[in-house]
Amino acid sequence: MRILSVVLICLMLLSAVPAYASEPAEYESDFSSWADGWYARSTGGASVFLTGGGSLGVEGRSADWHSMGRDFPLTAGETYHISASVRQNDVDEARFVLSVAHTRAGAESYENIAFASAKRGEWTEISGAYTAGVFDRFVLYIETLGTPALSYEMKDFHLAGKLPVQQQADIPSLKEVYKTRFPFGTAVTYMEAINKTRMDFYASQFNLLTPGNELKPDSVLDVQNSKKLAVKDDTAVAVHLFAAKPMLDYAKANGIPVHGHVLVWYQQTPEAFFHEGYELFKPLVSREVMLARMEHYIQAVFRITEEQYPGLIVSWDVVNEAVNDGASTLRDCQWKTVVGDDYVERAFEYARKYAPEGVKLYYNDYNTAYEPKQTGIVNLLKTLQAAGTVDGYGFQMHHDISQPGYAAIEKAFKRVAALSLRLRISELDVTIPGQTEANLAAQAKLYGQVMKLALSFAGQVEGVQVWGVTDDLSWRARQFPLLFDAKGEPKPAFYAVVEAASQE
Ligand code: XIL
């Protein structure tokens, strides 16, 4: 143990990098070519758009709070000075409110920061100061008072203050610690990707990135333009990369390879994809049309990513989560309904046909440690392997300290590894019911065990990826599943992952 500790300390010193640091910062929105993280706050209906004149518009509103909003990683106790200009052309005078929606432990609450009245057609400044409270998330937005259906524009949004947490200590770097074994990656969502300080911190730790949502069909399939193309050809598909752009730009600029997630999935895929003319009120398309759309979609995604980011995406999840829970059959979903049981095979066939040379194709799924699902996954992999269309399997590994238990994880890993496919741990996170010392220790232990397992297959493993970096931004934030806490401080789990590599 003593030798190990010495090794560990040496390793830590060798690879120490500064942790997440904050600086006084200014944020300014430039709406000349993109919305820069601003989105419509509404329960549906409202949408934001670039006006073309350097401002952002919001339309389709039906409540005063429907508005343009954006996430900001504010730090509790810091004061922020915020200003923007608003304009409306529909009523003699309209009242605007600059507000913040903040969330603590999943509960959202609101504060008004500043008020302004804007006469018809006049750009009007709205400005105020806000001292951040203790919350997990902040959304700044501009709403109205008494004009719920009004369309309006906003420009020159400016925020000055201290973004985000300060931390002094130097810590080891995961990508350095695992350098000779395999890339160590993380998922990154849009609101993280637009935060350069945060991305620089990620780049000091990780050498593989995956957009958490932004390469899913919901983000990539351009339904409006597909609809237009469908008038002539119902198999045509239009795509865009707007949501993924900040992350892909960062990865490209910093030479960090990307794993693409995901081409074909039963979730986060527009329902319109499956309907004639991309119209929800029309019937489902035929198997033939859907297969053609699938092929065109896969072809288009490979084409647009290669055109805009040549060589950046080294591997893709072709199909995600096709196997049922509690059974070894395919789950029911629109793909299965419209195409049939061979939709997974067809997706891999098309992916193989259009993937650039050397890009690895993965089937990705969760709960691999559970039977009979595990058998379903293995059978599916064998079918794909026989066709020569799959390169590897991605174990999501969304675990909890109480289940499924390390023994089951190891057994599943070894069974899939025996197929001689490439392997990834694609979405690692481990939930705990509360941040007690015992829970944090149990979490660290499981992380350490999983990493040692991956290390024992290092020749076969193409990457290990955590599903997010800091607990507050995790998709399971209430159960603190990641390696860093909300302040960006490394948790015991982080050190267990570092230590696993030093024990090899
Ligand atoms: C999750 C994202 O992290 C969330 O932000 C989103 O709301 C839902 O999807 N398995 C997957 C991932 O393959 O795509 C999922 O990501 C988590 C489970």
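Residues numbered from 1 in each chain as written. Predicted model: local features only at pLDDT ≥ 70, side-chain atom pairs only at ≥ 80, totals over all residues. Heavy atoms only, no water.

Another aspect to go through is the site of the ligand. Taken together, N213, K216, H261, W265, Q268, N320, E321, Q396, H398, E427, W467 and W475 make up all the residues around the ligand. At 2.7 Å, a side-chain N or O of H261 approaches an oxygen atom of the ligand. Take N320: an N or O atom from its side chain is 2.9 Å from an oxygen atom of the ligand. Look at the ligand: alone it shows 410 Å² of surface, and the protein chains cover 77% of it. Taken together, the residues of the shell around the ligand sort by class into three nonpolar, six polar and three charged. (Near = heavy atom within 4 Å. Polar contact = N/O pair within 3.5 Å; in protein donor to acceptor, adjacent residues only side chain to side chain. Areas by Shrake-Rupley, 256 points an atom, 1.4 Å probe, with all protein chains shown as cover. Nonpolar A, V, L, I, M, F, W, Y, C, P; charged D, E, K, R; others polar.)

So, about helix 11 (residues 373-387). Between its first and last C-alpha atoms helix 11 spans 22 Å; for 15 residues at 1.5 Å apiece the expected length is 21 Å, and the two agree. The complete set of buried residues in helix 11 reads K373, Q374, G376, I377, V378, L380, L381 and L384. The inward-facing, buried residues of helix 11 abut helix 10 (343-354), strand 18 (360-365), strand 19 (392-395) and helix 12 (406-417). (Helix = DSSP H or I, 4+ residues; strand = E, 2+ residues; numbered from the N terminus. Expected span 1.5 Å × (residues − 1). Buried < 20%, exposed > 50% of the residue type's maximum accessible area, 1.4 Å probe, protein only. Contact = heavy atoms within 4.5 Å.)

Each neighbour pair has its own omega, and for H261 with V262 the value is 10°, a cis peptide bond. Topologically, V262 is positioned in strand 16 (residues 258-265). For the peptide bond that leads from Q403 to P404, omega is 10°, which places it in the cis range. Locating P404 in the fold gives a position in the loop between strand 20 (398-400) and helix 12. Phi is positive for Q268, close to 45°, though the residue is something other than glycine. Considering the arrangement of structural elements, one finds Q268 in the loop between strand 16 and helix 8 (287-308).

The subject of this paragraph is the environment of Y152. Within the element layout of this structure, Y152 appears in strand 12 (residues 152-163). Y152 sits in the buried class, given a relative accessible area of 2%. Within the structure, the side chain of Y152 is placed 2.5 Å from the backbone oxygen of I142, a separation counted as a polar contact.

What follows covers the pattern of salt bridges. Within this structure, the stated rule accounts for 22 salt bridges. Between K491 and D471 there is a salt bridge, with the nearest N and O atoms lying 2.8 Å from each other. With K491 in the loop between strand 22 (461-466) and helix 14 (492-502) and D471 in the loop between strand 22 and helix 14, the pair connects residues that are 20 residues apart, well separated along the chain. A residue is classified by how much of its surface remains accessible, and K491, at 5% relative accessible area, is buried. Taking the relative accessible area as the measure of exposure, D471 reaches 2% and is therefore buried. Within this structure, R287, D342, R346 and E349 form a network of salt bridges that share partners. (Salt bridge = Lys/Arg side-chain N within 4 Å of Asp/Glu carboxyl O.)

Now for a negative patch on the surface. A surface patch of negative charge is lined by E26, E28, D30, E125 and D156. On the secondary structure map, E26 appears in strand 2 (residues 23-28). Look at E26 and you get exposed, because its relative accessible area is 59%. (Patch = residues over 30% accessible without salt bridge, like charges linked within 9 Å, V, L, I, M, F, W, Y side chains within 5 Å. Lys, Arg positive; Asp, Glu negative; His and termini not counted. Charge placed at Lys NZ, Arg CZ, Asp CG, Glu CD.)

What follows deals with the packing of aromatic side chains. What the rule picks out here adds up to 29 aromatic pairs. Judged by centre distance (5.9 Å) and plane angle (80°), the ring pair of F135 and F138 falls under edge-to-face. Judged by relative accessible area, F138 falls into the buried class, the value being 2%. With centroids separated by 5.2 Å and ring planes inclined at 50°, the aromatic side chains of Y178 and F184 adopt a geometry described as tilted. In textbook terms, an aromatic cluster arises when at least three aromatic residues are bridged by ring pairs, as seen for Y178, F182, F184, F201, Y202, F206, F484, F494 and Y495. Positioned over the ring face of Y141 is R41, at 4.2 Å from the centre of the ring. A cation over a ring is seen here: R104 above F135, with NZ or CZ 4.6 Å from the ring centre. (Phe/Tyr/Trp six-rings, centres within 6.5 Å; stacked < 30°, edge-to-face > 60°. Lys NZ or Arg CZ within 6 Å of the ring centre and 35° of its normal.)

Confidence in the prediction of the protein, expressed as mean pLDDT, is 92, and 93% of residues score 70 or more. Contacts of residues 1-15 to residues separated by more than four positions or lying in other chains number 18 contacts, the stretch itself having pLDDT below 50. (pLDDT = per-residue confidence, 0-100.)

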